Every structure is written in structure tokens, then in C-alpha cells.
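Given next are the chains, with one letter for each unit.
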Amino acid sequence: MNPKTTVLTGITTTGTPHLGNYVGAIKPAITASRDSNVDSYYFLADFHALIKCHEPELVQQSTLEIAATWLALGLDTENATFYRQSDVPEISELTWLLTCHTAKGLMNRAHAYKAAVQENENAGEDPDFGLTMGLFSYPILMAADILMFNAHQVPVGRDQVQHLEMARDIAQRFNHHFGELFVLPEAVTDDNVAVLPGQDGRKMSKSYNNTIPIWLPEKKLRKSIMRIVTNSLEPGEPKDADDSALYSIFAAFADAGGREEMKQAYRDGIAWGEAKQKTFELINAELAPARDAYQDLISHPVQIEEVLREGARKARAYAMPFLDRIRHAIGIRPLA
Ligand code: TRP
């Protein structure tokens, strides 16, 4: 057995990555990717993206942008295994094997599915209106992603915790019937990572339309930061950093010294315009070098494709023999 801890997480390839994604998920994962005591798996969940996105061009474009984002920001692809879900056919096969052993009732309880049904009912529609089997059985695909590599720890947002519990349930049931095949995974949610506020002060999220994309060109990034809400306190009037979305965003990028200095500046009545300018400068300094790398990668998709293929090769070296064992255990075996 592998003595190292295996950490795995998937990134659904939809939407444009924003500073909230960067601070909450991407940056900690990239730091973790360099830890040689951990076996880490990061993958582009493009099969999950199909649940929300039915536009071929967009499916491809999002995968390109998200892969380029992680690579530009310094993901260590030597130490970690970085791959695209659809390049590992073993995951799809495992999904079916698990599907045949997953109670439909378990899926009925999934929050995302229930919320969609509720919305239909509220709107007076048929409960299943617009729902696909992809949305319904999404947690089984996610379980296969995780169980395929025997992940111990799965860093996710709070909205995904139920899916982890389902993956454990599915694994437990399978192990019970067919012997100890799967590691039971655990969700890791980080309470220390503050939720980044968006321009309007609510949580930065695509659904609130308050995001600041990571790869805005410098001028647009500045403009976007200038638009963060503040109150009407004048220059010279003391300001409360703990009650300021602008400060929270600053703090997510600053070190301890920088945070202390800025807090003092707030108490001393820094003008909002100046606080915004400083926030812009800090964020820009962190992103500027990677911005060039990102542009370079985006215009050379062949390079990205190569990295992903190599990642899939590594992932499959684990998945293929393991899937053979699983098939054998459930009776999909040679006849002689
Ligand atoms: N469903 C996850 C999300 O939307 C992404 C995801 C897919 C994932 N497969 C995974 C996360 C496996 C962790 C492990 O955020």
C-alpha cells in the first residue's frame, strides 16, 4: 500500500476563474502540489462541466483557460498528477460499476438535485423539467473520480461536503460486498481560508455577478478594484478594517506585516482611493508575472495538451491495474 497521503481534487471547467477561486482553492492547491510527502492529484472535471454547459466551443475553451490558469500560477506537475478527467477512461467505467451498486434513494437526497426539483415546483413546472440524468447521477461520477485513486483527503468547498459523504457511502457498500477495495475519503474544508468578498461586499461568486477575474489586463484590474464598495467616510476619518470588504481583499494577498500596516493606515484615516490603489498594487504585483505566462500558454495550446497527456499517462498507470482488480472482484472476468 502507498504510505503517503493521497490528496485529490477536481476543478469543474466552467466559467472564468476569479480572485475568490484563486484565494480559496487555486493558491492553496498549488502550494500543496509542491509537497513531496503528499501524492496529489488535480484534475480538470470536464465531464462534470457537461452537466452545465452544452456548447462544444465553450466546453473546450473553459478547459483551455482553466488548465492555463493552474499551469501559469505554478502548479508542480512533476510532483503532482495533473490530468483531464475525460483522458482517463477508467473513471467512466468505474462510474458505471458504482452506478449499479448505488441506491437511487441516495441520489434522490442530493442537495443540487433537490434544489432543482424545488425550483421547478415553485415555478409550477413538472418536477423533472429541464433535469438531465447527468445532474441526477453527478455524485456517482464524483465518487468514481475520488475512489479511482484511493484519495484520503479531498479539499472542497462546503457545498461539496454532501458529495463526499455520498462517495464514502458508495465505497463502504462496495467494500462490504466485494472486500476492502476502496479507501474511504474525507472532505477537507479549510476554515482558515477566509471567504473572499466581491465588489458588492457579498461572497465573491459568479451567481452574484460581483467577481474580479484573475486575468484582467492591468488597467481593467485596477478599474475593477476601484469599484469595490466602501462607505462614505472622508479622508482623515478613521476607518474600521474589520468591517471593510476592501480590507478583506487586501488581507487575502498581504503578509502579516502588510496587514498590520494597512490596519494602522485605516485607523489613521487613509482615503478610500488610496487604499484601493494600494490594494490594486499588491494584487497586481502577485499576478503580473503569471499573467504573461498565462498569455503565453493560452496561445500555445499544444504545450498544455502535452502536459495533460503526460498527466493522464501517470494517472492511468495507477487506474488501469486498480480497475482490473475491481472488475475481477465484481465478476467481470475472463472466462478461462
Ligand atoms: N463537483 C466539484 C465542484 O463542483 C468538482 C469535482 C468533480 C470534484 N469531481 C471531484 C471535487 C472530485 C473533488 C473531488 O466543485
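The structure presented is a predicted model; accordingly, all values stated were derived computationally and were not measured.

Student: Is there a simple way to explain the overall build of the protein chain in this structure?
Tutor: Summing up its helical and strand segments, the protein chain has 13 helices and five strands in all. Rg of the C-alpha trace for the protein chain: 22 Å, near the compact-globule value of 20 Å for 336 residues, within the 12% margin. Projected onto its principal axes, the C-alpha positions of the protein chain cover 85 × 50 × 35 Å. Taking all 336 residues of the protein chain together, 43% fall into the buried category. Here the analysis covers contacts within the protein chain between residues at least 6 apart in sequence; of these, 77% occur between residues at least 24 apart. Total accessible area on the protein chain stands at roughly 17400 Å², and carbon and sulfur atoms take up 52% of it. Side chains of the protein chain give 33 positive and 44 negative charges; the mean places of these two sets differ by 1 Å.

Student: What exactly am I supposed to notice about the site of the ligand here?
Tutor: Residues in close proximity to the ligand total 14 residues, the closest being Gly 10, Thr 12, Tyr 138, Asp 145 and Gln 160. Thr 12 is positioned such that a nitrogen or oxygen atom in its side chain is 3.2 Å from an oxygen atom of the ligand. Measuring from a nitrogen atom of the ligand, one finds a side-chain N or O atom of Tyr 138 at 2.6 Å. The fraction of the free accessible surface of the ligand (360 Å²) that becomes covered by protein chains is 88%.

Student: Teacher, can you tell me more about the domain arrangement of the protein chain here?
Tutor: For an interface, size is often stated in terms of accessible area lost upon the parts coming together. Assigned domains of the protein chain: these are domain 1 (5-194 + 300-330) and domain 2 (215-296). For domain 1 versus domain 2, the separation of C-alpha centres amounts to 34 Å. In total, domain 1 and domain 2 occlude about 960 Å² of area from one another, counting both sides; carbon and sulfur atoms represent 63% of this. Joining domain 1 to domain 2, the criterion identifies one salt bridge. Here domain 1 is connected to domain 2 by four residue pairs in polar contact (both at pLDDT 80 or more). At the level of elements, α1 (19-32) and α3 (56-72) are the ones that each hand at least two residues to the side of domain 1 that touches domain 2. Residue composition of the side of domain 1 that touches domain 2, by class: six nonpolar, two polar and two charged.

Student: Looking at this structure, how should I read the nonpolar core?
Tutor: Across soluble globular proteins, you tend to see nonpolar side chains buried next to one another. Of all hydrophobic cores here, the largest spans 51 residues; its most connected members are Leu 19, Trp 70, Phe 82 and Tyr 266. Residue assignment places this core across two domains, with domain 1 (5-194 + 300-330) and domain 2 (215-296) each supplying three or more. With near-sequence residues (within four places) excluded, Phe 82 lies in contact with Tyr 42, Leu 44, Ala 67, Trp 70, Leu 71, Leu 75, Thr 77, Val 307, Leu 308, Gly 311 and Ala 312. Counting 44 residues, the second-largest nonpolar core is a separate cluster that includes Tyr 113, Val 117, Ala 144 and Leu 323.

Student: Explain the pairing of strand β3 (residues 81-84) to me, please; I cannot follow it from the model alone.
Tutor: One face of the sheet, then the other: side chains in a regular strand alternate in exactly this way. Where burial is concerned, the two faces of β3 agree: the one with Thr 81 and Tyr 83 and the one with Phe 82 and Arg 84 are both buried. Two strands pair when backbone bridges link them, and strand β2 (residues 38-45) and β3 are joined in this way by four bridges, in the parallel orientation. Bridge pairing links Leu 44 to Arg 84 in β3.

Student: Explain helix α6 (residues 111-122) to me, please; I cannot follow it from the model alone.
Tutor: The periodicity of an α-helix, 3.6 residues per turn, causes residues three or four positions apart to be oriented the same way. Taking 1.5 Å of rise per residue, the 12 residues of α6 would be expected to cover 16 Å, and the 16 Å separating its terminal C-alpha atoms lies within 8% of that figure. When we look at burial in α6, the residues that qualify are Tyr 113, Ala 116, Val 117 and Asn 120. All buried residues of α6 fall inside an arc of 95° around its axis, so they share one side. Counted as exposed and oriented over 90 degrees from the buried face of α6: His 111, Glu 119 and Asn 122. Buried positions along α6 lie against α5 (104-108) and α7 (133-147). The positive-phi residue at the C-terminal boundary of α6 is Gly 124, with phi of around 75°.

Procedures and definitions
Here the residue numbering is sequential within each chain, running from 1 through the sequence in written order. At least 70 in pLDDT is required for a residue's local features to be given in this predicted model, at least 80 for side-chain atom pairs to be given and counted, and no such filter applies to totals for whole chains, interfaces and linings, which use all residues. The side-chain figures draw on all heavy atoms in the structure; neither hydrogens nor water molecules are used. Here a strand is any run of E in DSSP of at least two residues, a helix any run of H or I of at least four, and the numbering for each starts at the N terminus. Radius of gyration: over C-alpha atoms. The globule rule applied is 2.2 Å multiplied by the number of residues raised to the 0.38 power. Relative accessibility thresholds used throughout: buried, under 20% of the residue-type maximum; exposed, over 50%; partly exposed, between the two (1.4 Å probe, protein chains only). Contact criterion: two residues are considered in contact whenever any of their non-hydrogen atoms come within 4.5 Å of each other. Computed by Shrake-Rupley with a 1.4 Å probe, the accessible areas treat only the displayed protein chains as cover when residues are assessed. Just so you know, the count uses Lys and Arg for positive and Asp and Glu for negative, and it drops His and the chain ends. A charge is said to be at NZ when it belongs to Lys, at CZ for Arg, at CG for Asp and at CD for Glu. Residue proximity to a molecule or strand is established when one non-hydrogen atom of the residue lies within 4 Å of it. Whenever a nitrogen or oxygen atom comes within 3.5 Å of another N or O atom, the pair is scored as a polar contact, on the condition that within protein one atom can donate a hydrogen and the other can accept it, and that pairs from neighbouring residues in sequence are kept only if both atoms are in side chains. These domain boundaries are the output of an automatic or database domain assignment. Defined here as a combined quantity, buried area equals the accessible surface (1.4 Å probe) lost by two parts on assembly, summed across both. When a carboxyl oxygen of Asp or Glu lies within 4 Å of a side-chain nitrogen of Lys or Arg, that pair is called a salt bridge. For this classification, Asp, Glu, Lys and Arg are treated as charged, while Ala, Val, Leu, Ile, Met, Phe, Trp, Tyr, Cys and Pro are nonpolar and the rest, including Gly, are polar. By nonpolar core is meant a set of buried Ala, Val, Leu, Ile, Met, Phe, Trp, Tyr and Cys residues that side-chain atoms within 4.5 Å join together. DSSP bridges decide pairing: two strands pair if at least two such bridges lie between them. Helix span, as expected, comes to 1.5 Å for every residue beyond the first. Think of it as the arc spanned by the lines of direction from the helix axis to the C-beta atoms.

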